[in-house]
Every structure is written in C-alpha cells, then in structure tokens.
Amino acid sequence: MEARAIRAVSRNRSAVGVVVAYMVTLGLIGSGNIGSTLARLAVDSGLDVVLSNSRGPETLRDLVAELGPRARAATAAEAAAAGDWVVVTIPVKAYQQVPREPLAGKTVLDTGNYYPQRDGNIPELDKKETTDSGLLQGYLGGDVHVVKVFNNIYFKHLGLLPRPAGAADRSALPIAGDDAGAKAQARELLDVLGFDTVDAGPLAEGRRFQPDTPAYGLPYASAADFMNEPPQPAPVTAIEAALAAAGN
Ligand SMILES: NC(=O)c1ccc[n+]([C@@H]2O[C@H](COP(=O)([O-])OP(=O)(O)OC[C@H]3O[C@@H](n4cnc5c(N)ncnc54)[C@H](OP(=O)(O)O)[C@@H]3O)[C@@H](O)[C@H]2O)c1
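Rules used throughout
Residues numbered from 1 in each chain as written. Predicted model: local features only at pLDDT ≥ 70, side-chain atom pairs only at ≥ 80, totals over all residues. UniProt positions renumbered as here; feature names shortened; annotations may be inferred. Helix = DSSP H or I, 4+ residues; strand = E, 2+ residues; numbered from the N terminus. Pairing = 2+ DSSP bridges. Axes fitted to C-alpha atoms, helices over the stretch in contact; angles between N-to-C directions. Contact = placed C-beta atoms within 7 Å. Expected span 1.5 Å × (residues − 1). Buried ≥ 20, exposed ≤ 12 C-beta atoms within 10 Å, placed from the backbone. Core = buried A, V, L, I, M, F, W, Y, C linked by C-beta atoms within 7 Å. Near = placed C-beta within 6 Å. Right-handed = clockwise from strand over helix to strand, strands pointing away.

Identification of the protein chain as F420_oxidored domain-containing protein from Actinacidiphila cocklensis is taken from an unreviewed UniProt entry.

And the structure:
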C-alpha cells in the first residue's frame, strides 16, 4: 500500500475509544464527471472504489478497466453498502432514488448543485426553505450524516489540484454538515485525496458555496470564465475569504 493509502486507513473509534473499523473504500453513487474524477483520485491515493450509476454496472466496464484492480462497479445499493465514505454525485432531481437502507449510520458526501433548468423546479429549494444537501439529508434521515463537499469546484480542476499535505500550493475545499464526526471523516478523505478543508459550519451553510457565490469555481481559476481556465491553487485563506464574502 502506498504512503498516501496508509493515511487513508483511519480508525473509527466507538464511544469508549475502541478501534472498530478501518476506512479504505469509497462508494460512489453517480460516476459521471465528478464521480469518475473522485474515483481516479481515490485509486491514485490507494483507496478501493465501488462505482455505480443509474444504468447498471455493465455500463461502467471501461471506466473500471481504466481505473485498475482497486475499482469495481456495482449497483447503487451495493456501492452504498460497500463504502466507508459514500459520495452522492448525481443530478439533484434524482435524490429520492438514493438507496436509504444501506446508508444507515454512514457519512454521505453530497456534491449536488441545484439547477432548475436541469433538475426541474423543486419548490423547497425555490423558496429557499432548505438547501439541496438539506433536501438529501431530510430524505435520508437522521442516522445518515450528510456533508456537502466537492460541489464548488469544476471537475477538471478537482482532478488537477491535489497536492501532498503541507505543499505550499495545496488547495482547500469547503465542507458543511451538522455532525462533527462526519465532518472529521470528510476532512480525512480530503486530506487523503490531496486537499485541505475549510469548515463552513452546519449543513445549511452550504449555501455559502453554492453556484453563483464567490466560493463557487472562481477561487480555483484566475478568471471568471473558470471552466475555460487552467486550475489555480486556492489555499485555506482564499476559501475562507470567499466564504466570508458570501455574506449572511
Ligand atoms: N461537473 C462539475 O464540474 C460539477 C462540479 C461540482 C458539482 N457538480 C454537481 O455534482 C453532481 C454530479 O455532477 P456531474 O457533472 O458528475 O454529473 P454527470 O456527469 O451528469 O453524472 C451524473 C451521474 O449520476 C448518475 N445518476 C443519475 N441518476 C442516478 C441514480 N438515480 N442513481 C445512481 N446514479 C445516478 C449518472 O448515471 P447514468 O449516466 O447511468 O444516468 C451519472 O453517472 C450534480 O449535482 C452537479 O451539479 C458538478
């Protein structure tokens, strides 16, 4: 196992401090632009990955072959069951198709961004009664801990910006969530994949790094047209400033 993978093998401690599990597998519900990028980063970091999509494992054969022996494809329920961390990275409109039962007790990392033109109008989001990740959290229930992350960075930049811990040009990603333990697990995954973390607060604060905020896309490029720009490292201070600029 490579050096970065060893850091991935973390210990989950129970309330009495007993080591109960090791975290080595990333489950992916959704294997498109973001899901496949995360799968590559995870495999490069020595993690195992279980990929899934809406059309079935056989449609992921080429991607699995490219990723190598640490990767396999499965159904969404199997990916949810297998993952120590599970990433939900699908169009927001499909959130009610995420398998609930196998996620019980787990940390779910949600990359979703709500686009009415793609997702259709979702009244709770249009009225700002909750956020897209809040909607997923409400659907999954209180024993699943949703952390919003990976949603504020263009997938090509996500794939090119990882750096080792301590590197001067390491980038940070914001996270938001209501459970401190889940956020610690998210921070650990980010560290393994090559990113620092900025905690933006409770899940509702994910609105600070949704599309059309200063923390969305812009910090990782040198111009506003960020999708057509090369990646630019964004350290913790840059992300903190962008989150602060989002206001209240
Ligand atoms: N693209 C970016 O740079 C970027 C950046 C940050 C955040 N995001 C957000 O992250 C999410 C994913 O974005 P993306 O660009 O990766 O999307 P994408 O390329 O369109 O991929 C979506 C993936 O979700 C899968 N999927 C759809 N419905 C599903 C279901 N019910 N169960 C399991 N898998 C399902 C799709 O599978 P099939 O192909 O089989 O349908 C596909 O693998 C979106 O909410 C997006 O707004 C995207």
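Having seen the model, we can carry on.
K.L.:
Help me understand the UniProt feature "domain: Pyrroline-5-carboxylate reductase catalytic N-terminal" (unreviewed entry) in the protein chain, please; the structure alone is not making it clear to me.
P.N.:
Within the UniProt annotation, "domain: Pyrroline-5-carboxylate reductase catalytic N-terminal" (unreviewed entry) is assigned to residues 26-114. For residues 26-114, helix accounts for 29% and strand for 22%, while the C-alpha atoms at its two ends are 24 Å apart.

K.L.:
In this structure, what is going on with the sheet that holds strand β4 (residues 48-52)? I would like to understand it.
P.N.:
Strand pairing in a sheet is mediated by backbone hydrogen bonds. Such pairs are either parallel or antiparallel. Spatially, eight strands are ordered β5-β4-β3-β6-β7-β8-β9-β10 in an open sheet, and the strand pairing comes out mixed. The outermost strands of the open sheet, each flanked by one partner alone, are β5 (71-73) and β10 (196-199). With strand direction ignored, the average angle separating the axes of adjacent strands in the sheet is 25 degrees. For strand β3 (residues 25-29) and β4, the ladder comprises five bridges, and the chain directions are parallel. Its bridge partner lying in β4, Ile 29 is registered against Ser 52. Lying over the sheet, helix α7 (residues 132-140) contacts β6 (85-88), β7 (107-110) and β8 (145-148), oriented at roughly 170 degrees with respect to β8.

K.L.:
Looking at this model, I keep getting lost on helix α2 (residues 33-44). Mind explaining?
P.N.:
Owing to its 3.6 residues per turn, the α-helix brings residues three or four apart onto one side. In this model α2 runs 17 Å from its N-terminal to its C-terminal C-alpha over twelve residues, within 8% of the 16 Å that 1.5 Å per residue would give. Listed in full, the buried residues belonging to α2 are Ile 34, Gly 35, Ser 36, Thr 37, Leu 38, Ala 39, Leu 41 and Ala 42. Phi for Gly 46, located one or two positions after α2, is positive at around 90 degrees.

K.L.:
For this particular structure, what's the right way to read the pairing of β6?
P.N.:
Put simply, side chains in a regular strand alternate between the two faces of the sheet. Both faces of β6 are covered, namely the face carrying Trp 85 and Val 87 and the face carrying Val 86 and Val 88. As defined by bridge partners, β3 adjoins β6 across four bridges and the pair is classed as parallel. Within β6, the position partnered with Ile 29 by the bridge is Val 88. By the bridge criterion, four bridges tie β6 to β7 in an arrangement that is parallel. Of the residues in β7, the one forming a bridge with Val 87 is Leu 109.

K.L.:
Sorry if this is basic, but what is going on with the nonpolar core here?
P.N.:
A general tendency of soluble globular proteins is for nonpolar side chains to be buried together. Ranked by internal contacts, the top residues of the largest apolar core, which has 66 residues, are Leu 28, Ile 29, Leu 38, Val 49, Leu 51, Val 86 and Val 87. Those residues in contact with Val 49 that lie beyond four places of it in its chain are Leu 26, Leu 28, Ala 39, Ala 42, Val 43, Leu 67, Arg 70 and Ala 71.

K.L.:
How should the environment of Leu 38 be read in this particular structure?
P.N.:
Relative to the elements of secondary structure, Leu 38 occurs in helix α2. Classification of Leu 38 by C-beta neighbours within 10 Å gives buried; the count is 28. Setting aside residues no more than four positions away along its own chain, Leu 38 makes contact with Leu 26, Leu 28, Val 87 and Phe 150.

K.L.:
Sorry if this is basic, but what is going on with the site of the ligand here?
P.N.:
Residues in contact with the ligand amount to 24 residues; listed here are only the nearest, Gly 30, Gly 32, Asn 33, Asn 53 and Gln 97. Among the elements that make up the shell around the ligand, the one with the highest residue count is α2 (three residues).

K.L.:
Quick question: what am I supposed to make of the pairing of β4 here?
P.N.:
Summarising burial for β4: four of the five residues are buried, a large majority. Where the polypeptide runs from β3 across α2 and back to β4, its parallel neighbour, the crossover connection is right-handed. Bridge count between β4 and β5: three bridges; the pairing is parallel. Residue Leu 51 lies in a different strand from β5, and its bridge partner there is Ala 73. Handedness of the crossover is the feature at issue here: the chain leaves β4, passes through helix α3 (residues 61-67), returns alongside β5, and the resulting connection is right-handed.

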